[in-house]
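Below, each chain spelled out in residue letters.
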There are 2 protein chains.
Amino acid sequence: MEGGAAASTPAALPYYVAFSQLLGLTLVAMTGAWLGLYRGGIAWESDLQFNAHPLCMVIGLVFLQGDALLVYRVFRNEAKRTTKVLHGLLHVFALVIALVGLVAVFDYHRKKGYTDLYSLHSWCGILVFVLYLVQWLAGFSFFLFPGAPFSLRSRYRPQHIFFGATIFLLSVGTALLGLKEALLFSLGDKYSAFEPEGVLANVLGLLLACFGGAVLYILTRADWKRPSQAEEQALSMDFKTLTEGDSPGSQ
Amino acid sequence: MEGGAAASTPAALPYYVAFSQLLGLTLVAMTGAWLGLYRGGIAWESDLQFNAHPLCMVIGLVFLQGDALLVYRVFRNEAKRTTKVLHGLLHVFALVIALVGLVAVFDYHRKKGYTDLYSLHSWCGILVFVLYLVQWLAGFSFFLFPGAPFSLRSRYRPQHIFFGATIFLLSVGTALLGLKEALLFSLGDKYSAFEPEGVLANVLGLLLACFGGAVLYILTRADWKRPSQAEEQALSMDFKTLTEGDSPGSQ
């Protein structure tokens with residue numbers, strides 16, 4: 001059984017996954033380093049509350065969201081239901097952490113008397129968050145909650161996959177916009193003098209784009225897609241027969 | 001012949017393509033409107049030279065690049081070689097227009113004595129431009145220049161498609177960063193007062209993201225992929241036989 005499972009994992013996949021995780025962890029560490037070294041660190045009850053926003057968003061809507069998409073490639077030989085639950089759970093963690101990040105920035109703006117939701121970053125951010133929530137609810141209703149007919153699941157699956165990847169890429173884009181905003185607000189003219197903070201943040205931006213690219217590559221490689229397990233195929237056939245109105249034993 | 005060609009075009013595809021073109025043209029028009037209404041228009045020999053940069057980049061590296069990717073979906077019943085040449089030509093137009101946009105910004109910086117290549121936007125921009133050039137040269141060598149073995153073409157094709165889509169998405173992201181930079185430099189604190197220029201540019205940013213999403217959707221719909229024509233399949237088999245060292249008539 002274990003030999004069979006190992007044999008069905010493409011040889012290069014683990015290296016690509018390891019590389020994506022290295023990128024993702026470096027990304028989170030570097031965001032922490034940026035905030036710690038140049039922005040005074042993180043605290044909830046002070047001006048440092050703002051700094052919780054970029055860290056939560058990078059952990060939740062970039063790193064964890066990206067990893068949730070990879071679950072079907074990594075756990076390719078586990079039972080489908082286990083993989084589904086893990087996929088849904090990782091997205092819940094991502095959503096909760098992103099919510100903390102959202103509360104941080106709105107609370108900070110309120111205390112400072114700053115205007116909300118005027119920038120392109122904030123518009124994209126709200127769009128991402130709403131789409132992410134809708135996608136999670138739709139995914140839960142169709143794939144985890146029992147009762148959705150097999151034909152409906154099959155028709156929704158490609159849309160779920162497309163919008164999942166798109167929301168992830170939009171999250172990466174929104175993070176880049178936010179990083180740029182934070183740099184221009186605080187560095188101003190010093191940005192063009194190649195200040196260490198500016199260079200670090202530019203490298204962080206490139207890492208964000210690379211992580212997005214790595215996750216997209218692993219997701220879209222046709223020969224790395226999760227194969228259907230034998231019992232899933234049998235189950236699907238049963239579902240199909242049931243939803244088409246016949247009993248499994250008819251004919 | 002014509003009836004057969006029409007029958008093999010998926011019913012919804014033309015509507016999605018039309019929608020993407022509507023988005024793309026609105027994007028170009030709105031970039032022109034933004035530069036005309038709030039930035040004094042475009043001219044080469046003055047301070048307005050900078051404005052040629054965003055317009056050229058949106059036309060070349062967003063609109064034309066996006067359309068070049070869609071060529072295989074739109075011209076699905078033409079000869080493969082014609083479609084290939086059109087794909088390559090659209091990318092050449094995009095590259096030349098982007099080059100004019102690059103010269104505009106470097107020339108403007110030189111005249112003004114501004115520092116080059118310090119921002120995240122410029123780093124991403126140079127990365128996109130180099131990747132785009134390499135991708136074009138590799139695509140030309142493998143697919144248009146005669147002589148590349150069939151097996152090599154088959155192995156490179158998925159990489160070409162993945163990097164094509166990725167470079168396009170990175171172009172859209174870089175445009176968003178540039179737009180944000182232009183807004184923060186010129187509007188400053190007025191951005192948060194919902195100035196008309198800020199709102200227009202935010203809408204432009206959302207349109208950029210939507211155009212990227214629409215092109216990606218059309219590209220990735222599995223049932224909208226270009227079908228192989230009968231004569232291409234025969235030709236492929238010939239190539240395969242030849243590159244595997246047998247003459248077509250053997251066996």
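Predicted, not measured: the structure shown is a model, and the values here were computed from it.

A. Summary view of helix H2 (residues 13–38) of chain B. Residues and elements named next belong to chain B. Taking 1.5 Å per residue, 26 residues should reach 38 Å; H2 reaches 37 Å between its end C-alpha atoms and fits that length. For H2, the secondary structure elements touched by its buried residues are helix H3 (52–74), helix H6 (150–187) and helix H7 (196–220). One or two residues past the end of H2 sits Gly40, with phi positive at roughly 80°.

B. Inspection of the confidence of the model for chain A at higher detail. Residue and element names in this part refer to chain A. In this model, chain A carries a mean pLDDT of 90, and residues with pLDDT of at least 70 account for 88%. This stretch, residues 1–7, has a pLDDT under 50; its non-local contacts, to residues over four places away or in other chains, come to one contact. Segment residues 238–251: pLDDT under 50, and nine contacts once partners within four positions in sequence are set aside and those in other chains are kept.

C. Local environment of unusual backbone geometry. Phi at Leu117 of chain A takes a positive value of approximately 55°, unusual for a residue other than glycine. By the secondary structure assignment, Leu117 of chain A is in the loop between helix H4 (80–112) and helix H5 (120–144).

D. Fine view of the environment of Val62 of chain A. All names here are of chain A. Position of Val62 relative to the elements: it lies in helix H3 (residues 52–74). Its relative accessible area of 1% is what places Val62 among the buried residues. Expressed as a C-alpha distance, the spacing of Val62 and Leu208, which sit 146 residues apart in the sequence, is 8.1 Å.

E. Local environment of the nonpolar core. Grouped together as the largest cluster of nonpolar side chains are 85 residues, with contacts concentrated most on Leu27 and Phe211 of chain A together with Leu27 and Phe211 of chain B. If we skip the residues at most four places from it in the chain, Phe211 of chain B touches Ser20, Leu23, Gly24, Leu27, Val62, Phe63, Gly66, Asp67 and Phe168 of chain B.

F. Just the UniProt feature "transmembrane region" (unreviewed entry) in chain A, in detail. Residue and element names in this part refer to chain A. The sites that carry the UniProt feature "transmembrane region" (unreviewed entry) are, in the present numbering, residues 12–37, 57–75, 87–106, 126–148, 160–179 and 199–219. End C-alpha to end C-alpha, residues 12–37 measures 37 Å, and it is 96% helix and 0% strand. Annotated as residues 160–179, this span is 100% helix and 0% strand, and its ends, taken at the C-alpha atoms, are 28 Å apart.

G. Expanded view of the packing of aromatic side chains. Scanning all chains against the criterion turns up 30 aromatic pairs over all chains. Both rings, one in Phe143 of chain A and one in Tyr156 of chain A, keep their centres 5.5 Å apart while their planes meet at 20°; by these two values the pair is stacked. A residue pair is termed long-range when its members are at least 10 positions apart, and Phe143 of chain A in helix H5 and Tyr156 of chain A in helix H6 (residues 150–187) qualify at 13 residues. For Phe143 of chain A, a relative accessible area of 12% translates into the label buried. Tyr156 of chain A sits in the buried class, given a relative accessible area of 13%. Both rings, one in Tyr217 of chain A and one in Phe162 of chain B, keep their centres 4.8 Å apart while their planes meet at 80°; by these two values the pair is edge-to-face. Of the two residues, Tyr217 of chain A sits in helix H7 (residues 196–220) while Phe162 of chain B sits in helix H6, which places them in two different chains.

H. Focus on the interface of chain B and chain A. Each side of the interface is counted separately: chain B has 36 residues, and chain A has 36 residues. For the interface between chain B and chain A, the tally reads two salt bridges. Close ionic contact of Glu181 of chain B with Lys180 of chain A constitutes a salt bridge, the shortest N to O distance being 2.1 Å. Between chain B and chain A we count 10 residue pairs in polar contact (both at pLDDT 80 or more) in total. Elements that contribute at least two residues to the side of chain B that touches chain A include exactly helix H5 (120–144), H6 and H7 of chain B. Top element by residues in the side of chain B that touches chain A is H6 of chain B. It accounts for 12 residues. Among the residues forming the side of chain B that touches chain A, the class breakdown is 22 nonpolar, 10 polar and four charged.

I. Looking closely at the relation of the copies chain B and chain A. With an RMSD of 0.0 Å, the fit of chain B onto chain A corresponds to turning through 180° and sliding 0.0 Å along the axis. The superposition operator between the copies reduces to a two-fold rotation axis.

J. Looking closely at the packing of H3 of chain B against helix H4 (residues 80–112) of chain B. All names here are of chain B. The N-to-C vectors of H3 and H4 enclose an angle of 165°; their axes lie 8 Å apart at closest approach. By the criterion of interaxial angle, the relationship of H3 to H4 is roughly antiparallel. For H3 against H4, the interelement crossing comes out left-handed. Of the residues that constitute the contact of H3 with H4, the class distribution is 20 nonpolar, seven polar and three charged.

About the criteria used
- Residues numbered from 1 in each chain as written.
- Chains lettered and ligands numbered in written order.
- Predicted model: local features only at pLDDT ≥ 70, side-chain atom pairs only at ≥ 80, totals over all residues.
- Heavy atoms only, no water.
- Helix = DSSP H or I, 4+ residues; strand = E, 2+ residues; numbered from the N terminus.
- Expected span 1.5 Å × (residues − 1).
- Contact = heavy atoms within 4.5 Å.
- pLDDT = per-residue confidence, 0-100.
- Buried < 20%, exposed > 50% of the residue type's maximum accessible area, 1.4 Å probe, protein only.
- Core = buried A, V, L, I, M, F, W, Y, C linked by side-chain atoms within 4.5 Å.
- UniProt positions renumbered as here; feature names shortened; annotations may be inferred.
- Phe/Tyr/Trp six-rings, centres within 6.5 Å; stacked < 30°, edge-to-face > 60°.
- Salt bridge = Lys/Arg side-chain N within 4 Å of Asp/Glu carboxyl O.
- Polar contact = N/O pair within 3.5 Å; in protein donor to acceptor, adjacent residues only side chain to side chain.
- Nonpolar A, V, L, I, M, F, W, Y, C, P; charged D, E, K, R; others polar.
- Least-squares fit on C-alpha atoms with pLDDT ≥ 70 in both.
- Axes fitted to C-alpha atoms, helices over the stretch in contact; angles between N-to-C directions.
- Parallel < 35°, antiparallel > 145°, perpendicular 65-115°, else oblique.
- Left-handed = near helix turned anticlockwise from the far one by under 90°.

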